[in-house]
Amino acid sequence: MSLKLFEAFGVELEYMLVDAATLDVAPVADRVIRARCGAFSGEIEADRGISWSNELVSHVLELKTTDPTPSLETCAADFTANVTAINDLAARLPRSGGSGGPTRLMPGAMHPWMDPPSQTVLWPHEYAEVYANFHRLFDCHRHGWANLQSVHLNLPFDGDEEFGRLHAAVRLVLPLLPALCASSPLMDGQLTGIACNRLEVYRNNQRAVPSLSGRVVPEPVFSRADYERVILEPIARDVERLDPGGTMKAEWMNSRGAIARFDRGSIEIRVMDIQECPLADLAIVRAVVGVLRWLVSESPCPLAEHQRWPVDPLVRVLDATIRDGDRAVIDDVEYLRVFGITGGSHCRASEVWEHLLDAAGVAFRTDPSLSPLKTILGLGTLSRRLSDALGAGSGPVDRAAMRTVYRDLCDCLAAGRMYGEAAH
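Reading the values: rules and limits
- Along each chain, numbering runs from 1 in the same order as the chain's sequence is written.
- It should be noted that, the model being predicted, local features are given only for residues of pLDDT at least 70 and side-chain atom pairs only at 80 or more, the latter also being counted only at that level, while totals for whole chains, interfaces and linings use all residues.
- Hydrogen atoms and water are omitted, and side-chain values are computed over all heavy atoms in the structure.
- Here a cavity denotes a set of grid points, spaced 1 Å apart and computed over the protein atoms alone, in which a 1.4 Å probe fits but from which it cannot get out, and a pocket denotes an open set meeting protein on both sides within 12 Å along at least five of seven lines; residues with an atom within 4 Å of a point are reported as lining.
- Grid points are joined across faces, edges and corners, and a volume is the space filled by probe spheres set on the points.
- The helix and strand labels rest on DSSP assignments: H or I over at least four residues marks a helix, E over at least two residues marks a strand, and numbering proceeds from the N terminus.
- DSSP bridges decide pairing: two strands pair if at least two such bridges lie between them.
- Axis lines are fitted to C-alpha atoms, over the contacting stretch for helices. Their N-to-C directions set the angle, which ranges from 0 to 180 degrees.
- When describing relative orientation, an angle under 35 degrees is termed roughly parallel and one over 145 degrees roughly antiparallel, while 65 to 115 degrees is termed roughly perpendicular and anything else oblique.
- Residues count as neighbours in contact if any of their non-hydrogen atoms are within 4.5 Å of one another.
- Under the scheme applied here, ten amino acids are nonpolar (Ala, Val, Leu, Ile, Met, Phe, Trp, Tyr, Cys and Pro), four are charged (Asp, Glu, Lys and Arg), and all others, including Gly, are polar.

Okay, the layout of surface pockets next. The calculated volume of the second largest pocket comes to roughly 260 Å³. Broken down by secondary-structure element, the contributors of at least two residues to the lining of the second largest pocket are helix H12 (311-324) and helix H16 (382-389). Examining the composition of the lining of the second largest pocket, we find that 4 residues originate from one element, H16, more than from any other.

Have a look at this one:
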């Protein structure tokens, strides 16, 4: 039986495994899973309705809701319990062949000094052939493939009418998401001046085949037939040319910031950087769900207004939030009007989010489980807080300073606390 709009949700959180002493990436995800279940499995059901699974690279573990959950309110505690379980196992990994030893999970959407050409290890077990094909086609030993951790939110729909309403709302909100959840200010040991480096490299990682990711913001299509014609069929043609053996499937290769999965009746939002702890991630997820629910209800404006937006103006907003995060200036008056913001020619993205949360009834001022939203709106995105801790600006950063900041970030994940909240 198909799930209706907002009846249940799927959440996926990706984390890096790093050496406990040096914080360098540690390609030991398979060893952590084996320590839990006795085998090099690609996916295992753990505790509290959470599963662990591998990703493309061996230093990343994904935690996800095993089944769609009707309520997100307990998910932060469920994910946190599993983070603790993984950290306990990772800390006790035995040394092997003169290497290895204690490791831990690190949050944040990019490792700050990882060198992908020399440090990438692809997952060698289940689906290794698929990962090898990705590497053959796109060179996965680089940023955009080997060094990025995100949150995925899966939202159900039942039939074309619900898909059209949900897809329209997702397209409008997607460009604003880096202003709430950017957490990747560093790459190659440098502050780049870009709030969300993960998305900056992600949207260019398949540039040789433009059909795969498009422009990250999905095209304005609102039925299954149109989605297949406009998005999936061009991907299928390119995939057939690239992979005549048929290992790769068009649905796997669609890399837009939100993808429709008609086989399971859901849209998966993929543009959110992972935060410092599940409490923050789930607060953001609940905020996004609340705003989408509000938009789908047509409270601010009718569906026809949602669906009229082409890609170009939405990409301009996304460009601004990728670069400047919460401080991005949104100056498209028509875009602001969609959300009921009138009376001015521009405002900061953080102000847009505060308006959206209030309009959608997201009780971030009074609900303790949503308090991370107050930290983000008050102190800025995690990306800005990390940049401020390292001196802001742009340019190379001392490795010792990065280790100090990111060790604190690892401690935030272990303790379930917000980064920098003590200073607020």
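Moving on, we come to the sheet that holds strand E9 (residues 186-187). Across the sheet, which stays open at both edges, the 3 strands sit in the order E9-E10-E15 with antiparallel pairing between neighbours. This sheet does not close on itself; its edge strands, each paired only once, are E9 and strand E15 (395-396).

Axis separation between helix H1 (residues 29-37) and helix H2 (residues 75-91) bottoms out at 9 Å; the angle between their running directions is 100°. For the element pair H1 / H2, the angle class is roughly perpendicular. Each of Val-32, Ala-35 and Arg-36 in H1 lies in contact with H2, whose residues at this interface are Ala-85, Ile-86, Leu-89 and Ala-90. Along the lines of polarity and charge, the residues of the contact of H1 with H2 split into 6 nonpolar, no polar and 1 charged.

Using the criterion set out here, one finds 1 cavity of 30 Å³ or more in the structure. Approximately 30 Å³ is the volume attributed to the largest cavity. Around the largest cavity sit Leu-72, Glu-73, Ala-76, Leu-279, Leu-282, Arg-286 and Ser-369, which together line it. Looking at which element gives the most residues to the lining of the largest cavity, the answer is helix H10 (residues 278-296), with 3 residues.

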